[in-house]
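# Architecture and fold: a report
Listed here are the chains, written in short residue letters.
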Amino acid sequence: MQVVTLGPAGTYSHRAAGSIADDGAVSFRESVTGIVAAVADGEFDRGGVPVENSIEGSVDESLDALADRAVSVVQEVVSPIRHALLAQGPEFSTVASHPQALAQCREYLAEHYPDVSQEAVASTARGVERAREDPSVAAIGHPANAGSPGQGAGEDGDGTLQRIAENIQDHDSNATRFLVVAPESERSEAGGKTSIVAYPGANYPGLLLELLESFADRDINLTRIESRPSGRRLGDYCFHVDFEAGLYEARAQEALAEIEEVCADGWVKRLGSYDTTHVVG
Ligand SMILES: O=C(O)C(=O)Cc1ccccc1
């Protein structure tokens, strides 16, 4: 199985994707749009993208790529996220990381490093590379990106990263949900959860209520609903909906048939049904 995810090596996405790669062989792209495109274009069998975080919410770029490209979702991976502050030494003037990681440590950074500037980079591992190259830069990332204290941690300034602090996320419940993306032809109806994207192409009072009633009437629990701009005009949206039923179930098929009627002037994309895997960060 050829797997592509957010790189370079050492990202949280890499750790999550490693759990689905046969021999741990994972390739990298530096944007989630690029990962979804690489699967849609047939370059890889599977792609792993972060889609939602318990502190910061949705990764909008992932939602938009899933709506735009011909792919399916075949699995979700949920992983706890524990961030470490990594640097060559305790003195630095910039913290570089993925925007979600910086946001997940907002309160910690404001309290402990109010005067340090923040630099958003493509991934946590890209921030780690910045910190290895430049002693004035610290990174936020998985603690395994540094030598453990007392085991290979370097002297200040030699390019080896030390763990300046661990568990710096603002909430201990910090967890991220990654979706495993496959070619559209591999869309499955089996699994306990399903993801769809609905674009009504219309706007009238009660439209959203009608969409939601299709699920409520059949006792289908929603686990998430997110609106994203359609990109066509201001105030025009698509809705990303995840629910607890498989497409193989009659109640799911009936709900979607009704939703397709509500969206007759737009479209409904069935990303597929899947199960959840939990991996330890
Ligand atoms: O940059 C990474 O390591 C990622 O995989 C994205 C991300 C960033 C912060 C928390 C979870 C995933």
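Note that the coordinates shown come from a computational prediction; the quantities given were computed from them, not determined experimentally. (Residues numbered from 1 in each chain as written. Predicted model: local features only at pLDDT ≥ 70, side-chain atom pairs only at ≥ 80, totals over all residues. Heavy atoms only, no water.)

Moving on to the UniProt feature "domain: ACT" (unreviewed entry) in the chain. Mapped onto the present numbering, the UniProt feature "domain: ACT" (unreviewed entry) falls on residues 196-273. The span residues 196-273 carries 29% helix and 33% strand; its end-to-end C-alpha distance comes to 9 Å. (UniProt positions renumbered as here; feature names shortened; annotations may be inferred. Helix = DSSP H or I, 4+ residues; strand = E, 2+ residues; numbered from the N terminus.)

Let us look at the site of the ligand. Close to the ligand lie Leu6, Thr11, Tyr12, Ser13, Ile81, His98, Ala101, Gln104, Ser123, Thr124 and Thr176. A distance of 2.9 Å separates an oxygen atom of the ligand from a polar atom in the backbone of Tyr12. Note that an oxygen atom of the ligand is positioned 2.5 Å from one of the side-chain N or O atoms of Ser13. Alone, the ligand offers 320 Å² of accessible surface; in the complex the protein occludes 99% of this. More than half of the atoms of the ligand fall within 2 Å of the grid points belonging to the largest cavity. Among the secondary structure elements, those contributing two or more residues to the shell around the ligand are α1 (12-18) and α4 (99-104). When grouped by side-chain class, the residues that make up the shell around the ligand number four nonpolar, seven polar and no charged. Mapped onto the domain boundaries, the shell around the ligand takes at least three residues apiece from domain 1 (3-81 + 175-185) and domain 2 (84-166). (Near = heavy atom within 4 Å. Polar contact = N/O pair within 3.5 Å; in protein donor to acceptor, adjacent residues only side chain to side chain. Areas by Shrake-Rupley, 256 points an atom, 1.4 Å probe, with all protein chains shown as cover. 1 Å grid on protein atoms, 1.4 Å probe; cavity = no way out; pocket = protein on both sides within 12 Å on 5 of 7 lines; lining within 4 Å. Sits in = over half its atoms within 2 Å of the grid points. Nonpolar A, V, L, I, M, F, W, Y, C, P; charged D, E, K, R; others polar. Domains from an automatic or database assignment.)

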